[in-house]
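Here are the chains, one letter per residue:
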Amino acid sequence: MTEANHTARTLSVDESFALACDASDPLRGHRDQFEIPAAKDGRPSVYLSGNSLGLQPKPARDAVVEALDAWARFGVAGHFSGKHPWYPYHELLRESGASLVGANVGEVVTMNSLTVNLDLMMVTFFQPTKSRFKILMEYPVFPSDTYAVKTHLHHHGLDPNNALIIVRPRDGEHVVRTDDIQAAITEESDAIALVLLAGVNFFTGQVIDMARITETAKSCGCVMGLDLAHAAGNIPMSLHDWGVDFAVWCHYKYLNSGPGAVAGCFIHETHAQDTSLPRFGGWWGNDPDTRFRMHLQPEFVPRADVDAWQLSNPPILALAPVRASLEMFQGVGLPALREKSVRLTGYMQYLIDQLSPERFEVITPRDTPARGCQLSILVHDRPKALHRDLLANDIVCDFREPNVVRVAPVPLYNSFHDVWRFAQVLARHDRGS
Ligand SMILES: *Cc1c(COP(=O)(O)O)cnc(C)c1O
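Bear in mind that the values here come from a model prediction, so they are computed numbers and not experimental data. (Residues numbered from 1 in each chain as written. Predicted model: local features only at pLDDT ≥ 70, side-chain atom pairs only at ≥ 80, totals over all residues. Heavy atoms only, no water.)

A. Up close: the confidence of the model for the protein. In the predicted model, the protein carries a mean pLDDT of 95, and 98% of its residues have values of at least 70. Throughout residues 1-6 the model reports pLDDT below 50, and contacts reaching past four residues in sequence, or to other chains, amount to twelve contacts. (pLDDT = per-residue confidence, 0-100. Contact = heavy atoms within 4.5 Å.)

B. Main features of the pairing of strand β9 (residues 246-249). In β9, alternate side chains face the same way, and those of Phe 246 and Val 248 on one face and Ala 247 and Trp 249 on the other are all buried. As defined by bridge partners, strand β8 (residues 223-227) adjoins β9 across three bridges and the pair is classed as parallel. In the sheet register, Gly 225 faces β9, and the bridge partner there is Phe 246. Strand direction decides the pairing type here: β9 and strand β10 (residues 264-267), joined by four bridges, are antiparallel. Within the sheet, the bridge partner assigned to Ala 247 lies in β10 and is Phe 266. (Buried < 20%, exposed > 50% of the residue type's maximum accessible area, 1.4 Å probe, protein only. Helix = DSSP H or I, 4+ residues; strand = E, 2+ residues; numbered from the N terminus. Pairing = 2+ DSSP bridges.)

C. Up close: the state of the cysteines. Applying the stated criterion across every chain, the model contains zero disulfides. Take Cys 222: it sits in no disulfide, and the sulfur closest to it among the cysteines is that of Cys 220, at 5.3 Å. The cysteine Cys 265 is free of any disulfide, with Cys 250 supplying the nearest cysteine sulfur at 13 Å. (Disulfide = S-S within 2.5 Å.)

D. Here's a closer look at the sheet that holds strand β6 (residues 164-167). One open sheet holds the seven strands; their spatial order is β4-β10-β9-β8-β7-β5-β6, and the pairing between them is mixed. With partners counted over all chains shown, the strands left at the sheet margins are β4 (108-110) and β6, one partner each. Averaged over all neighbouring strand pairs, the angle between strand axes comes to 15°, with direction disregarded. As paired elements, strand β5 (residues 134-138) and strand β7 (residues 192-198) share three bridges and run parallel to each other. (Axes fitted to C-alpha atoms, helices over the stretch in contact; angles between N-to-C directions.)

E. Main features of the site of the ligand. With respect to spatial proximity, the complete set of residues near the ligand consists of Leu 114, Thr 115, Phe 142, Asp 145, Asp 227, Ala 229, His 230, Tyr 252 and Lys 253. Between the ligand and the protein, one listed contact pairs an oxygen atom with a side-chain N or O atom of Thr 115 at 2.6 Å. A distance of 3.1 Å separates a nitrogen atom of the ligand from a polar side-chain atom of Asp 227. Bound to the protein, the ligand loses 85% of the 390 Å² it would expose on its own. When grouped by side-chain class, the residues that make up the shell around the ligand number four nonpolar, two polar and three charged. (Near = heavy atom within 4 Å. Polar contact = N/O pair within 3.5 Å; in protein donor to acceptor, adjacent residues only side chain to side chain. Areas by Shrake-Rupley, 256 points an atom, 1.4 Å probe, with all protein chains shown as cover. Nonpolar A, V, L, I, M, F, W, Y, C, P; charged D, E, K, R; others polar.)

F. Region of interest: the sheet that holds strand β12 (residues 375-379). Ordered in space as β11-β12-β15-β14, the four strands form an open sheet in which the pairing is antiparallel. If you trace the sheet from one side to the other, it starts and ends with β11 (360-362) and β14 (398-400), each paired once. Each adjacent strand pair in this sheet contributes to an overall mean axis angle of 30°, direction not counted. Note: β11 against β12, three bridges, orientation antiparallel. Pairing of Glu 361 across the sheet is with Leu 378, part of β12.

G. Quick look at the nonpolar core. Among the nonpolar cores identified, the biggest contains 65 residues, and Leu 136 and Leu 228 are the most heavily contacted of them. The greatest single-element share of this core, amounting to nine residues, is contributed by helix α12 (residues 316-332). Mapping this core onto the domain boundaries places at least three of its residues in each of domain 1 (3-35 + 334-430) and domain 2 (65-331). Among the nonpolar cores identified, the runner-up in size contains 34 residues, and Val 109, Met 121, Phe 125 and Ala 163 belong to it. (Core = buried A, V, L, I, M, F, W, Y, C linked by side-chain atoms within 4.5 Å. Domains from an automatic or database assignment.)

If you want it as structure tokens, here you go:
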């Protein structure tokens, strides 16, 4: 099926349509590469929570077992022995990690977890002065990001009440307009030190115009940072070309690398190569040539790339599933994933559009570039009952207070039939049962 004939005109609410889409889906084979939690009747459940915790790719287990076996077999010599020696292990993720976010090799490293990386990035990139000390974010902000930002402000003796700017949607609207973000930056262009936005908003699923906003922020002399927790593995990006200063993301949502997986971090080359920047250090950020001189090398000599921000030697058992998953992404390619994602999410929107708008209101933008996999559905009537019913029907999705159901059909393992089954439950509620 081509993009051209997959328009609202030819979409259909019939089950046969969903099955036909699956039969002609060039990516359909990848579903078999995942462990899909079984429903009570033994059938695979309809898993629409890939925006929260991606499913386990089967190669992840092999990668972990391989690391355990190497440890058993080689002990400390595993750092330099076996199929994937541990010492250079994180380099196995370098290219696949960089291509995921549109970065050059040397700009992306896999380390820590998201919030830790955000904290480390603010150590380097939030350098408030008397006149330029504010941080700009957008509403709604994920709590962990709020806590990291507020504690950094306190750490610098600043009061979030006047140092934190939150750009909000206009009255009656659900998502923030790009123009309003740009206007807010321009309005306080001399006072804002850091613009820190989510590439894809966790609550609304909105994709912000990262290129345009970065351009505005940079032209105002602000540092541009991105939280890509819901963007990485979901939509294609060009962090290097856009001139983003830094970005952080996790690998357990769309990137299927397991609960609490090791996270990603991007630092633009112009900064990554600058060894004079302030930072927190550890031996794995040190120049490898002198790293093992140990106590004979008391001065920290940072590497001239993003690896300089690594503190510790990486957790190999935790990196193993990330490696397996990123290899999978690299094999399929983001453009193919995005193409299917646009169709899959478009199909879901179409099915919701057949229901009563006074019951179900999709607050995620309709515009393709402004959304990824996720649709956030505002449920006007008995939202919790609907969510309970979805779960009872083996549809795995989440509920965000006060009345939003978030669903994310993901192109690697979800099918059109999954989306159809989900919509059946909504349709039953729509008829009032
Ligand atoms: C998922 C998510 C996090 C999670 O932070 P961790 O440090 O990985 O626990 C943080 N910020 C945003 C925006 C998220 O969506």
